[in-house]
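Chain and residue survey
If you want the building blocks of each chain, they are given just below.
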Amino acid sequence: MDQQQTYRLTVWIPLIVVSLFLLLSGIQAYTHYHDRQRLLLTAAEINLYETALQMAHNLEYALANNDAEQAQSSISRFILRRDAELAIFVDANGMIRYATQLAWQNTPVSDQLHPSQIKLIQDAANHQKIQQSSVDGILQVVIPISLSEQISFDPKTRFPVILLQKNIHTRLTQTGVQALQQNLWLVALFLLSMLLLIAIIKGIVLKPLFALKQLAEKLRQQQFNLHNPLQGNTEQAQIAQTLVDAGQQLKIALDTAQERENRLNLTLQSIGDGVIVTDADGMITRINPIACQLTGWSETEAIGQPLLSVFDIYNASTLEPVVNPVSRVLATGKIVELANHTVLHARDGQRYHISDSAAPIRADNTPESAILGVILVFQNVSQQYQLRQDLRHSVDFLSTILRVSPSVTYVLDVRPGPVFTLSYVTESVTAMTGKPAEFWLSHPQAWISRIHPEDVPKVQLTLHKVLQSDTPLTNQFRFQHVDGHYIHVQDHLFATPETSDDGHQQIVGVVLDVSHQQKAEQKISFLAHHDVLTKLPNRALLSDRIMQAMSVCERYHQCLALLYLDLDRFKFINDSLGHAVGDQLLIAVADRLKKLMRDQDTVCRTGGDEFIILLPDTDADGAAHVADKLIDKLTAHFDIENNQLFITVSVGISIYPENGRDADTLNKHADTAMYRAKQAGRNQYQFFTQEMHAQIAHKMELEHALRFALSQNQLNLVFQPQIEVKTGRIMGAEALLRWQHPQLGQISPQTFIPIAEETGLINTIGNWTLHQAISQCRQWLDSGHQEVQVAVNLSAVQFNNPTLVSTIETILAEYHLPAQYLELEITESVAMINIELTIKQLESLAALGIRLSLDDFGTGYSSLNYLKKFPIDTLKIDQGFVFDMLEDEDDAAIVDAVITLARSLGLNTLAEGVETQAHADALQIKGCDFMQGYYFSKPIEAAAFTVLLDQSEIN
Ligand SMILES: Nc1nc2c(ncn2[C@@H]2O[C@@H]3COP(=O)(O)O[C@H]4[C@@H](O)[C@H](n5cnc6c(=O)[nH]c(N)nc65)O[C@@H]4COP(=O)(O)O[C@H]3[C@H]2O)c(=O)[nH]1
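Residues numbered from 1 in each chain as written. Predicted model: local features only at pLDDT ≥ 70, side-chain atom pairs only at ≥ 80, totals over all residues. Heavy atoms only, no water.

Brief notes about the site of the ligand
Heads up, the rule is: Summary of the distance rule: residues count as near a molecule or strand when at least one heavy atom falls within 4 Å of that molecule or strand. Polar contact is defined as a pair of N or O atoms within 3.5 Å, subject to the rule that within protein one atom must be able to donate a hydrogen and the other to accept it, and that residues adjacent in sequence are counted only when both atoms are side-chain atoms. Residue exposure ignores everything except the shown protein chains as possible cover, and the areas themselves are Shrake-Rupley values with a 1.4 Å probe. Numbering of helices and strands runs from the N terminus, with a helix taken as a DSSP run of H or I at least four residues long and a strand as a DSSP run of E at least two residues long. Note on residue categories: nonpolar means Ala, Val, Leu, Ile, Met, Phe, Trp, Tyr, Cys or Pro, charged means Asp, Glu, Lys or Arg, and polar means any other residue, Gly included.
In the vicinity of the ligand, 23 residues are found, and the nearest of them are Arg-738, Asp-855, Gln-879, Glu-915 and Tyr-934. For the ligand, an oxygen atom lies 2.8 Å from a polar atom in the side chain of Gln-879. At 3.1 Å, a side-chain N or O of Glu-912 approaches an oxygen atom of the ligand. Coverage of the ligand by the protein amounts to 86% of the 780 Å² it exposes when considered alone. Taken together, the elements giving at least two residues each to the shell around the ligand come down to β26 (730-741), α23 (749-759), β30 (851-857) and α30 (879-884). Looking at which element gives the most residues to the shell around the ligand, the answer is β26, with 4 residues. Looking at side-chain class alone, the shell around the ligand contains 8 nonpolar, 8 polar and 7 charged residues.

The structure is reproduced here in structure tokens:
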């Protein structure tokens, strides 16, 4: 109720009452007024009518008596009457005969009267009826007059009439005023009553009403702590009390509602999910903080917005917008649960993966009731989504691994018993077993039946064990492929914990076909104990065997022999013919050795060209016998890739227990003996002796010292003259290497050249020698000496060096020495190692113009056949034959044979070791071409040799 309404009630109620009373008073006054006038009018009309009748009668009488005066008098007296205004007598001619207005007499009525009056007169005359009229208080009556003798009016048409007229207008007005005056007291009474009524209404109705209105206003303003302003037990007081009570009830209700609201708000704020409530039009009515946070809208901004504006979602996979869930709920009336892969596009650009659901809010919670709105609940599942994605990737990844893995993953269901049932196996089982996964799953027992019978107990034991174990176990067994062959498999298995209810367990296993691996392991094991090339046992296995053999010896007081066997000059073969040939030779030697040995003997290769042979239950005699046999049998040639290879071997022997009671010592001593055999000239065997220790140590010392000999100028060349037998002149000089060690003194080339060969230093030393010799030769030529050639020894390693020819060519060019001044000497044994290569190398050197000689001829096994092919110039008769040729017929025969052979081949001969005149004479007789020896000169320094040259030229 507003202020205006309040005003109206308080004003209008009295106003209506007043108006009502005024209306009633007016009606009363009007009625009274009207009645009085009507009474007055009626009385006047009756009076006038009666007067007219009386006058008509009087006039008829006067006229009947022709008493004009009487007639006039009758007319004139009318004026004396109250309200009289006019009286006229109109004759039948329409002439006023008598009138209250004397002037009118004898004048036509039409001149004096109003047409309405004339018409009234005519109607009365014509119809012989009394005519009356009453207008505005003017009363008229016209009465026809019947006359005994007709006056000479127009008898055809008219009769005489009288007209009387009164004017009661004033009296009527006065009467009305009087009537009103008579009602005034009533009006006053009414007014008093009205005021009283207003006062009563104000006191009884309006004031309480105003109080009620104020109460209502307070209620409207939500002021609920009200007091009843009205006393008593009136209806208003009751209503006021009701309002006060209602206020309290409302307060309680509102407080309750507010509390509910607060709780609801708190609940919404406490909910970890986003909550949005809409009305039935899909406009947002509530939104909780989580929803605000996820949508990026503040509560105040979001309230009243259409849901679509705030809750912008689309499909995570297709990125297509998703139908608004609230619209769906409003359309279907059903709860809508959206798919998980929905993405909420927040206002701030953030994107969240959400899961949500929407449900209708119904008027009374029944499916039929009207939908008041929709509640939408959603939560940020981005993390879970990511986890799910990760999980899916992991699952895919694992599936891929399982699919591509060559291993077979399986699951065994274990029921109490235990009873094992295959419940899962990966597809890779097909490749491994020849049967697909479906087969094994539908024939669970077939798996067990395919396990090798010998391995079944082991497999079953492992299955039982793994059920008790909380760690994985590994097992290996053989499994029969469907094609019948067995594969070796390795099974890594573990058991899931036992479930409490039914004792159900699972065993998860990964089976890998390790057949190849096992073969590889066998191979690795074999390789670990065998030499790859020759397949002979290696040193590790040999050590084992030696230990075993020694323990047997210990127990049965037996001996054993260890033979170290080294191929002589194998390095030369390897370098010259290549490793492939060298390897083939080693294999061939290994095969020959195996064939020569007993079953209980162990032949092993320890690397390079070294073999070790263990002879259990063998003493020194037995070992010597075996060594002899080996040296003999290995001397026979080997046919390797179209090469006929000849080898010799050096053998060192140690005997258990004399030479050592442990494997290391025996090995070391056999090795020492073998070196000794090499030093002693190869192609022989040596038993270990204690003296060898010192020799080997000495050799090691030399080896070390030799590395520095060249840089410390400990090496030098000496020259021994070579004499032409026919002329006695010095035709050449053999360059011989000398090593003057500061502490050890002069060391023989026969000692250090083999060491230089073994250590590879020979190439450096050999090149240095060539430089020195060629440079010296050049100096002799430059100093004007007779033509003298220089002979240089080549070791086997040097000779077989592929760069030898180019190296020599370079050095010759460096000193501008014509090639024919250089002679190269190779020993017969070097030449015979690989005849083909020797021929090739010699031909290359000869092609340069270099002279070539075969040293120590007669000590080796030169075949005449090959000798023919060697492009050599000279055979050097070994000094051993020369020394004894005067006493030993055999040696003399050999010297003869060599000289003859050389002559037949067109070669020169040079005898070494000519120490006496007798030697020289004998050789001259035998036809030897050149001589060399102490008889002429020992090897001397270059300067001394120059002096010799000078003397020789003088002589
Ligand atoms: N008892 C005796 N001996 C005589 C007589 N005339 C010479 N000799 C010695 O006999 C050896 C001849 O050299 P070889 O047969 O080539 O035998 C040489 C040769 O094979 C080797 N050799 C020496 N110098 C070199 C070298 O520069 N390079 C290579 N590869 N080997 C060398 O060392 C071996 C020994 O050389 P050397 O000790 O210098 O010993 C030399 C020489 O001094 C004699 O009338 N009586």
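Side note on α23
For an α-helix, the turn length of 3.6 residues means that residues three or four places apart are oriented alike. For clarity, the threshold we go by: Relative accessible area decides the class of each residue, using a 1.4 Å probe on protein chains only: under 20% of the type maximum gives buried, over 50% gives exposed, and in between gives partly exposed.
Of all the residues in α23, the buried ones are Phe-752, Ile-755, Ala-756 and Glu-757. N-capping of α23 is provided by Ser-748, with a side-chain oxygen placed 3.0 Å from the backbone N of Gln-750. One or two residues past the end of α23 sits Gly-760, with phi positive at roughly 85 degrees.

Concerning the side chain of Gln-789
Heads up, the rule is: The contact definition used throughout considers only heavy atoms, calling two residues in contact when any of these lie within 4.5 Å.
Topologically, Gln-789 is positioned in strand β28 (residues 789-793). Separated by 3.1 Å, the side chains of Gln-789 and Glu-823 make a polar contact. A polar contact is formed between the side chain of Gln-789 and the side chain of Arg-851, at a distance of 3.1 Å. Other than its neighbours up to four places away in sequence, Gln-789 contacts Met-731, Gly-732, Ala-733, Gln-820, Tyr-821, Glu-823 and Arg-851.

Here we look at a negative patch on the surface
We apply this condition: Nonpolar side chains (Val, Leu, Ile, Met, Phe, Trp, Tyr) are joined into patches within 5 Å and like charges within 9 Å, using only residues with over 30% relative accessible area and no salt bridge. Throughout this description, the term salt bridge denotes a Lys or Arg side-chain nitrogen within 4 Å of a carboxyl oxygen of Asp or Glu. Only four residue types enter the tally: Lys and Arg on the positive side, Asp and Glu on the negative side; His and the chain ends are excluded. Taken as the charge location is NZ of Lys, CZ of Arg, CG of Asp or CD of Glu.
There is a patch of like negative charges on the surface, built from Asp-617, Asp-619, Asp-621 and Glu-658. Mapped onto the elements of the fold, Asp-617 is located in the loop between β20 (610-616) and α20 (620-635).

Observations concerning the sheet that holds strand β23 (residues 649-656)
Rule in force here: What makes two strands pair is DSSP finding at least two bridges between them. Axes here mean lines fitted to C-alpha atoms, for a helix over just the part in contact, with angles spanning 0 to 180 degrees between N-to-C directions.
One open sheet holds the 5 strands; their spatial order is β19-β20-β18-β23-β24, and the pairing between them is mixed. Every interior strand has two partners, whereas the edge strands, β19 (602-607) and β24 (684-687), have only one. Put simply, the sheet's adjacent strands are angled 20 degrees from each other on average, direction ignored. As paired strands, β23 and β24 are joined by 4 bridges and run parallel to one another. In the strand pairing of β24, Ile-653 is matched with Phe-687. Strands β18 (560-567), β20, β23 and β24 of the sheet are contacted by helix α21 (residues 663-679), whose axis makes an angle of about 145 degrees with β23.

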